[in-house]
Amino acid sequence: MPSHKPFTSICAVFLGFSIFAFASDKKSETKPAETSKPSYELPQPATETIDLTMYQRIREEGLSRSHIMEYASGLMDGIGSRLTGSPNLKRANEWTRDQFTAMGCVNAHLEDWGEFGMGWRQLNTSVRMSAPDTAVFIAQAVPWSASSHGPVSGSAIWVDAKDEKDLDKYKGQLAGKIVFFGEMRDVKPVDKALSERLDDANLKTTAEYPIHVGEHQDYISGFFKGMQFREKAGKFFSEEHAAGIVVPSRDGSNNGGSGGTIFDDGGTGMGWFTYKREHAEPLPIVVMAIENYGRVYRLLKAHVPVVVEMDVEAEFTGDHEHGFDTIAEIPGTDPKLKDEVVMVGGHLDSWASSTGATDNGAGTVVAMEVMRILNALHVQPRRTIRVGLWTGEEEVGLGSLGYVRQHFGYAPLSTAPDQVVLPELMRKPSGPIELKPEQEKLSGYFNLDNGTGKIRGIYLQENAAIRPIFQQWMQPLADLGVSTITQRSTCCTDHEVFDGVGIPGFQFIQDGLDYESRTHHSNMDTYERLQPDDLAQAAVVEAIFVYNTAMRDQMLPRKPLPQPELDEQRKAPLKNTMPGAEAQQDKAKKPGN
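Residues numbered from 1 in each chain as written. Predicted model: local features only at pLDDT ≥ 70, side-chain atom pairs only at ≥ 80, totals over all residues. Heavy atoms only, no water.

> Sorry, what's going on with the overall build of the chain here?
Each helix and strand counted, the chain has 16 helices and 16 strands in total. Over its C-alpha atoms the chain spans a radius of gyration of 27 Å, differing by no more than 12% from the 25 Å that the globule rule assigns to 593 residues. Within the chain, the proportion of its 593 residues that are buried is 53%. In the chain, once contacts between residues fewer than 6 apart in sequence are set aside, the share between residues at least 24 apart is 84%. By element, 52% of the accessible surface of the chain is carried by carbon and sulfur atoms, the whole surface being about 26,800 Å². For the chain, the distance from the average site of its 60 positive side-chain charges to the average site of its 81 negative ones is 4 Å. (Helix = DSSP H or I, 4+ residues; strand = E, 2+ residues; numbered from the N terminus. Rg over C-alpha atoms; globule rule 2.2 N^0.38 Å. Buried < 20%, exposed > 50% of the residue type's maximum accessible area, 1.4 Å probe, protein only. Contact = heavy atoms within 4.5 Å. Areas by Shrake-Rupley, 256 points an atom, 1.4 Å probe, with all protein chains shown as cover. Lys, Arg positive; Asp, Glu negative; His and termini not counted. Charge placed at Lys NZ, Arg CZ, Asp CG, Glu CD.)

In structure tokens, the structure reads:
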């Protein structure tokens, strides 16, 4: 996710001065010098103070007495999928809050980040072919699908439309039919490993900073332009009285999107904002395994009539559901530093087709285990350690964005017509960021949201000043496989929201395993895909980073605060750089021309 990054602020320095009294009946008094500079602006020590005894205690507690898979089973098996706005996510919020209290955290509570939209859950979905043959298909409802209110049966029709003009040829042809909407893709053999770890060559490439001069391809605007067309298409199908919609599942990396794996997320529906009543899915809609979709597609292309029955049992639980983040703390003990904070977290919500184990149950239970480890060791952190489990992340960072807006700052957003149709986190800023007092008190935020793989290093988010600090922290962790630091920024999860208001926010480098090939947003994202050893390692590494941040004399150094509202102006072509063009412009301005 791209972030809206803040403007540069200059902290004023106040120097105390001495007051001398020369009267014979008074003692001279001196007021010591004071500074208003936050500690992240002061010179950083060249050598970090590292408590290797605490390193060992954290390792022993996290690796020899891990409870992470108990949290994993409670969340994934006991609660299940956690779509934002759903009853299950409410249960997960309450369960995580109560678990934090039970492990010894204080101030465990839920924070309302605002109105989200519709509550929804899938009760049952079935799709089958009844002619020219009988076959049971692998399919699930797209999130926020309308209910079919019982089985509906109709002739299948493949709609080949890439823009609104293409839809015109289907007027009067869709009544009572099941619309198959989407290209049939090639299904290639799975000739590469679906699960892969980072080797030395991968890590070396990750550590290198990529250089690209010129315009970057804007995938995001293209994606949302496509989603706007899909919303119009869904409305058209409804107005033409179609009975339902079937879309094909996309592929995963290394051809992983086959063999019954389906990817079922917001990009499969008929519009992005289908969780809002005014953009609701007008028809029952399912995503189907590519092999099943392909069979119907080929029959229709051969002009063989196909009859499909679909039954989507979906329940809506409200139109104006609010979203909540789970927050808890280990209080700081240093009188001078206890009001400062270090945060750790991940997102609690998931999509609905499975139990959201690797995305992002893994990051959630790692954050929980971090707090359990530190509580079990009765640490006395100098700064307060706070955990945040965010919701609405899958709808583009809504929960963390709401939390950061309430506590740390925000940028006014553009209200231009092409911007208001985008999620908030992707809209352009219309003015400088407005910071809140708490922004100066947060030393850093650590996030985990790349699956179940163990931690191999960390992305610096272009914060060069922090490299020597993390290098020293990581040296005692080399035997756990933690070795790589990259200057790169990485996107598309909650750390970006913190980074966007000038707070050091970090995402860890992880082994990918089968995250992109098989589990990310899929019906296969289950407890069985979690790797206990990797998760235990991740919890230990993250606990050490959090502990070190809480114990330093100074807060983590920050990047210069950018001015995102000036980005377009700064990227605009320079004027008068071509001599010939200057002459033509001057000539055009002369009288008589």
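> What exactly am I supposed to notice about the nonpolar core here?
General note: in soluble globular proteins, nonpolar side chains tend to be found buried as a group. Ile58, Phe100, Leu374, Phe446, Ile458, Phe470 and Phe545 are the most contacted members of the largest nonpolar core, which has 66 residues in total. A total of eleven residues in this core trace back to one element, the largest contributor, which is helix H14 (residues 532–551). Once you skip the residues sitting within four places of it in the chain, Phe470 turns out to touch Phe446, Ile458, Leu460, Ile485, Phe506 and Phe545. Counting residues in each nonpolar core, the second largest holds 60 residues, with Ala243, Phe273, Met288 and Val312 among its members. (Core = buried A, V, L, I, M, F, W, Y, C linked by side-chain atoms within 4.5 Å.)

> What's the story with the pairing of strand S8 (residues 307–330) in this structure? I'm lost.
If a strand is regular, its side chains alternate between the two faces of the sheet. Pairing analysis gives 19 bridges linking strand S1 (residues 106–131) to S8, with the strands arranged antiparallel. Bridge pairing links Gly119 to Gly318 in S8. Here strand S4 (residues 152–159) runs beside S8; their pairing, made up of four bridges, is antiparallel. Paired with Gly154 across the strands is Val308, a residue of S8. For S8 and strand S10 (residues 384–390), the ladder comprises five bridges, and the chain directions are antiparallel. Bridge assignment links Thr326 to a residue of S10, and that residue is Leu389. (Pairing = 2+ DSSP bridges.)

> Would you mind going over the side chain of Glu395 with me for this structure?
By secondary structure assignment, the location of Glu395 is in the loop between S10 and helix H9 (398–407). Summary of buried charges: Glu395 has no salt-bridge partner, and the nearest side chain of opposite charge, Lys276, is 10 Å away. Contact partners of Glu395, with chain neighbours within four places excluded, come to Thr84, Phe116, Trp144, Trp272, Tyr275, Asp349 and Trp351. (Salt bridge = Lys/Arg side-chain N within 4 Å of Asp/Glu carboxyl O.)

> Help me understand the environment of Glu395, please; the structure alone is not making it clear to me.
Glu395 sits in the buried class, given a relative accessible area of 1%. Within the structure, the side chain of Glu395 is placed 2.9 Å from the side chain of Thr84, a separation counted as a polar contact. (Polar contact = N/O pair within 3.5 Å; in protein donor to acceptor, adjacent residues only side chain to side chain.)

> How should I be thinking about the packing of helix H1 (residues 52–64) against helix H8 (residues 357–376) in this particular structure?
Each pair of packed helices can be described by the angle between their axes along with the distance between the axes. Contact geometry for H1 and H8: axes closest at 10 Å, N-to-C directions at 120 degrees. Classified by the interaxial angle, the pair formed by H1 and H8 is oblique. Considering only the axes of H1 and H8, their crossing is right-handed. Residues Ile58, Glu61 and Gly62 of H1 touch H8, and the partners they reach there are Glu369, Arg372, Ile373, Leu374 and Ala376. Across the contact of H1 with H8, the residue classes break down as four nonpolar, one polar and three charged. (Axes fitted to C-alpha atoms, helices over the stretch in contact; angles between N-to-C directions. Parallel < 35°, antiparallel > 145°, perpendicular 65-115°, else oblique. Left-handed = near helix turned anticlockwise from the far one by under 90°. Nonpolar A, V, L, I, M, F, W, Y, C, P; charged D, E, K, R; others polar.)

> Would you mind showing me how to read the pairing of strand S5 (residues 178–181) here?
The alternating pattern of S5 places Ile178 and Phe180 and Val179 and Phe181 on opposite faces, both of which are buried. In this structure, S4 lies alongside S5, joined through four bridges in parallel fashion. The partner of Ala156 across the bridge, within S5, is Ile178.

> Just to check I follow, could you spell out H14 for this structure?
Two residues of an α-helix separated by three or four positions point the same way, owing to the 3.6 residues in each turn. Look at H14: 29 Å from first C-alpha to last across 20 residues, which is about the 28 Å you get at 1.5 Å a residue. The buried count for H14 comes to 17 of 20 residues, which makes it a mostly enclosed element. (Expected span 1.5 Å × (residues − 1).)

> Before we go on, may I ask you to explain the pattern of salt bridges in this structure?
Evaluated as defined, the whole model comprises 30 salt bridges. Close ionic contact of Arg97 with Asp98 constitutes a salt bridge, the shortest N to O distance being 3.1 Å. Using a relative accessible area of 25% as the deciding quantity, one classes Arg97 as partly exposed. Under the relative-accessibility criterion, Asp98 is labelled partly exposed at 43%. The shortest N-O distance in the salt bridge between Asp511 and Arg197 comes to 2.8 Å. Here the residue Asp511 occupies a position in the loop between strand S16 (505–510) and helix H13 (515–519), and Arg197 occupies one in the loop between S5 and helix H5 (200–207), the gap between them amounting to 314 residues.

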